[in-house]
Amino acid sequence: MSDDVVRRVFRSVDSFDPDEFARLLAEDATFVFGNAEPLAGREAVTAGLRTFYSTIGGLRHRIVRNWQVDADIIAETEVTYRRLDGKDVSVVAVSIWRTRDDGLISDYRIFVDLAPLYAV
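No experiment lies behind these values; they were computed from the predicted model shown. In this convention, every chain numbers its residues from 1, walking through the sequence in written order. In keeping with the predicted nature of the model, local features appear solely for residues at pLDDT of at least 70, side-chain atom pairs appear and are counted solely at 80 or more, and the whole-chain, interface and lining totals rest on all residues. As a convention, hydrogens and water are excluded, and side-chain values are obtained from all of the structure's heavy atoms.

Enquirer: Where do I start with the packing of aromatic side chains in this structure?
Expert: When we look at a pair of aromatic rings, we describe it by the centre distance and by the angle of the planes. Two rings from Phe, Tyr or Trp (for Trp, the six-membered ring) form a pair when their centres are within 6.5 Å of each other. A pair whose planes differ by under 30 degrees is stacked, one over 60 is edge-to-face, and the rest are tilted. According to the stated counting rule, one finds 10 aromatic pairs in the structure shown. Summarising the aromatic geometry, the rings of Phe31 and Phe33 are spaced 6.4 Å apart at their centres and angled 50° between planes, so their arrangement reads as tilted. The exposure class assigned to Phe31 is buried, which follows from its relative accessible area of 5%. Residue Phe33 is classed as buried on the basis of its relative accessible area of 16%. On the numbers, 5.6 Å between centres and 15° between planes, the contact of Phe31 with Tyr108 is stacked. Taken together, the positions of Phe31 in strand β1 (residues 25–33) and Tyr108 in strand β6 (residues 105–112) put the pair 77 residues apart, joining distant regions of the chain. Across the pair, Tyr108 and Phe31 agree in class, each one buried. Whether a residue is buried, partly exposed or exposed follows from its accessible area with a 1.4 Å probe, protein chains only, as a fraction of its type maximum: under 20%, in between, or over 50%, in that order. Strands are runs of DSSP state E lasting at least two residues, helices are runs of H or I lasting at least four, and both sets are numbered from the N terminus onward.

Shown next as structure tokens:
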């Protein structure tokens, strides 16, 4: 794993285009965002991201550090979300994903507290 792979994944997320991120996923990938229900399959993940993106104005990740253990990649990031009111909110997040031999992501998990993003 190289830092380039991690940067490529977060560039696709930050593009704000669910289809771009979906191209990195295996057809039967699973995706868990925080305490939300798991999503199964590329189409379900794309639809879930589209729904989430409709609640924010944008986002960007700053990679703090990352590790690889076998096929698993762990990335600590600072994520700055643009709220729909135009204000920015930054939170710490950890993403863990597993890649198959063909390089596609088979499982993606995000651990983050989004309460500050939606606070009034």
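Enquirer: What is the right way to look at the pattern of salt bridges in this model?
Expert: One side chain can pair with another of opposite charge once the charged atoms of both are near each other. For salt bridges, the criterion is a side-chain nitrogen of Lys or Arg within 4 Å of an Asp or Glu carboxyl oxygen. If you walk through the whole model with that rule in mind, you get 10 salt bridges. Linking Asp72 and Arg98 is a salt bridge whose minimum nitrogen-to-oxygen distance equals 2.8 Å. With Asp72 in strand β4 (residues 72–82) and Arg98 in strand β5 (residues 88–99), this pair connects stretches of sequence that are 26 residues apart. A relative accessible area of 40% places Arg98 in the partly exposed class. For Asp88, the salt bridge goes to Arg82, with nearest N and O atoms at 2.4 Å. We classify Asp88 as partly exposed; its relative accessible area is 39%. Arg82 gets classed as partly exposed once you look at its relative accessible area, which sits at 37%.

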